[in-house]
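Notes for the structure review
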Amino acid sequence: VKPKRSTSVTAAPPVATVASPVKALVAPPAPRLQQGWVHFWFTPVSPVGLHTLRVLAGLLFIGWLLPFAGQVDAMFGLDGWFDQEAYLQASRQVDNLPVPVGWSLLYVAGTNSMLLHLLYWGTLAVFVLFTLGVATRLTSVLTWVMVVSFLANPATRFEADYLLGIVAFYLMIGYVLLGQWSMNLSQAGRLLGTGDTLLWRSGAAAGSESASYAANLALRLLQVHFALIVVTSGLHKLQFGAWWSGVAFWYPMHSPFTTTESDIRALATHRDSYLFVLSLAQYVVLAWQLGFPLFAWRQGWCRLILVAGAVFAWLGSWYIYQMPLFGPVCLIGCLSYVTPGEWQRLQTRVKRVITEALARLRSKPGKERSATAK
Amino acid sequence: VIVVGSGLIAFHFLALGVLALAASSGPWPTNFGSSPALGPPFANTINDLTARHYLRHLHMTHNYHFVSNAPELPAVYFEVRLKDANGKVMETLKFPDDKANFWLRHRQRILAQGLGDDQPVQAPQGEQVLPQGQHFPTLNVWLPSPGDPVLRLKTVSQLELPKDRPVSRPSDWSLLLCQAYVRHLCREYGAASAELIRHSRNPIYPSILFFNGPLPRETFDELVCNFGEYRP
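Quantities reported herein were computed from a predicted structural model and do not represent experimental measurements. (Residues numbered from 1 in each chain as written. Chains lettered and ligands numbered in written order. Predicted model: local features only at pLDDT ≥ 70, side-chain atom pairs only at ≥ 80, totals over all residues. Heavy atoms only, no water.)

With that settled, consider the overall build of chain A. If you tally the helices and strands in chain A, you get 19 helices and two strands. Looking at chain A residue by residue over its 374 residues, the buried ones come to 50%. Nonlocal contacts in chain A, meaning residues at least 24 apart in sequence, comprise 78% of its contacts between residues at least 6 apart. As presented, chain A carries roughly 17600 Å² of accessible surface, and 68% of it is formed by carbon and sulfur atoms. (Helix = DSSP H or I, 4+ residues; strand = E, 2+ residues; numbered from the N terminus. Buried < 20%, exposed > 50% of the residue type's maximum accessible area, 1.4 Å probe, protein only. Contact = heavy atoms within 4.5 Å. Areas by Shrake-Rupley, 256 points an atom, 1.4 Å probe, with all protein chains shown as cover.)

Take a look at the structure:
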């Protein structure tokens, strides 16, 4: 599949230079707000960011589903934790359910364990293909369908699971539309996806991808949705006194079943400094969440705030809340704001470091041999 | 393309925005005790349509009011006593299971937390009179038996609710979860029946660090609630 334009766009071009069909619709010059809207949503960018998020999200989907390999029937089957009878009872009290029960392909398997296992391992295979970039037009759709299908069980569903569905949904939009406008594709390319998405594509091919409206749209959708989640969650925290008084982290860190009297006595000896650090850390988290839209779209030093915040969110959610999924999803959400130019600079830097390290490794044995000969 | 695309984007984020706005908030202090507040009516009205007909199909109905944002939740674990046909205990299982892998234990913890969602029950105030032939509604509430510290689920008339202490009941959702999980365990272990017992403790408040004397007795008090015996 040959791209129509061999541009390796690294940053969004101004609206005036946008190719048709957008250009025709933008002219004559629209008011500023309208122009800003069009520039934000409908500007083609290099899909490098979309591909990077796909690989990271794919690894996360695999890491999320694989640990349940020994518990497939119990976790997802209709004879499992939430059985057929429970679904029937739940359907009678739809309005009182804390978690909605939605559609799922797994219902097709019913109580057939073999079919359920087939769906489970088939899903993992789809996740692997999607991560590798094989037939992404198809595997992205299957990935989303299977992610939300495996989320359907309300008894085992964890809140961060919802975020997986969101990431999968926007990646699907990106890959279903990728290249449909900007590339001359064969019939197979239109149905299955472009070869440019393959993880093992050559360096030359990797650099020659045409700018894509779909890549921008998918990333923008994810960015806005993620900002909405972060801010809403931050505002929700303000409804609890513990967040105002700076002790919200205290509770998950001191579970009543694991904390002993001697733990409390030991903490009491340096309680002032302990509560100072705890409350400060908690307020930093609140400030990061509530101020998120102010720095998420900015480059430069703001990138450090964005990525460092995501990394701390990962460590914190693991250590304080013992939640394995929130952190990685948060990191993927934050990385969606990184521009194609930044990704390409990062790629170049990583490649240079690896090349230099390899060259150093190759030269070492040679030096050692010559030293031995001397 | 741009007009249609813009319309779809605006609709999508309108649906997500009102979903977040329509969430109930609180509990807030009121003259009658603390109470949650409903979302604004305009958001509820729009959300009724968009969530039901659009977001539900995309599995995007979470309103980002995460449970983990509420820090003062009780800690919960539960045990299940599996019994044979003669009522003899075959095995007692504890959840979250310390021997399970981290990921599975995490899901078991979510299930346990789901079982701990008790609802306060308000006893009717004043004299209650009903027309002849009608009966007061009955409720499933946690009540102690004489000489037994374990609370058991008992069905009582609204009139019999104790007025001298707070009374609570398991939510319909936790009862549903409990019965489904017990049925699953009975099938898996070939048990004739099973009894689910929930253990919970209230959170330890940070103010405890400022106690100079002995810690208050209720700091580590455990509430034990028996959901009763279920047969698959």
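This next bit is on the nonpolar core. Buried together is how nonpolar side chains tend to be arranged in soluble globular proteins. In terms of nonpolar packing, the biggest core is built from 124 residues, with W64(A), F76(A), F82(A), F127(A), Y170(A), F292(A) and F78(B) touching the most fellow members. If one sorts the elements of this core by residue count, helix 8 (residues 159–177) of chain A sits on top with twelve residues. Beyond its immediate sequence surroundings of up to four residues, F82(A) is in contact with G77(A), Y87(A), A90(A), N153(A), P154(A), A155(A), W173(B), L176(B), L177(B) and A180(B). Among the nonpolar cores identified, the runner-up in size contains 20 residues, and F240(A), A248(A), F249(A) and I204(B) belong to it. (Core = buried A, V, L, I, M, F, W, Y, C linked by side-chain atoms within 4.5 Å.)

Once that is clear, we can look at the interface of chain A and chain B. Taken together, the contact between chain A and chain B spans 85 residues of the former and 71 residues of the latter. The junction of chain A with chain B conceals about 7100 Å² of combined surface from both sides, 69% of it contributed by carbon and sulfur atoms. Together, W81(A), Y251(A) and F257(A) form the three largest contributors to the area buried by chain A at its contact with chain B, with a combined 12%. If you look at where chain A meets chain B, you find five salt bridges. Linking R187(B) and D83(A) is a salt bridge whose minimum nitrogen-to-oxygen distance equals 3.3 Å. With ten residues, the single largest contributor to the side of chain A that touches chain B is helix 11 (residues 213–237) of chain A. Broken down by class, the residue content of the side of chain A that touches chain B amounts to 57 nonpolar, 17 polar and eleven charged. (Buried area = accessible area lost by both parts, 1.4 Å probe. Salt bridge = Lys/Arg side-chain N within 4 Å of Asp/Glu carboxyl O. Nonpolar A, V, L, I, M, F, W, Y, C, P; charged D, E, K, R; others polar.)

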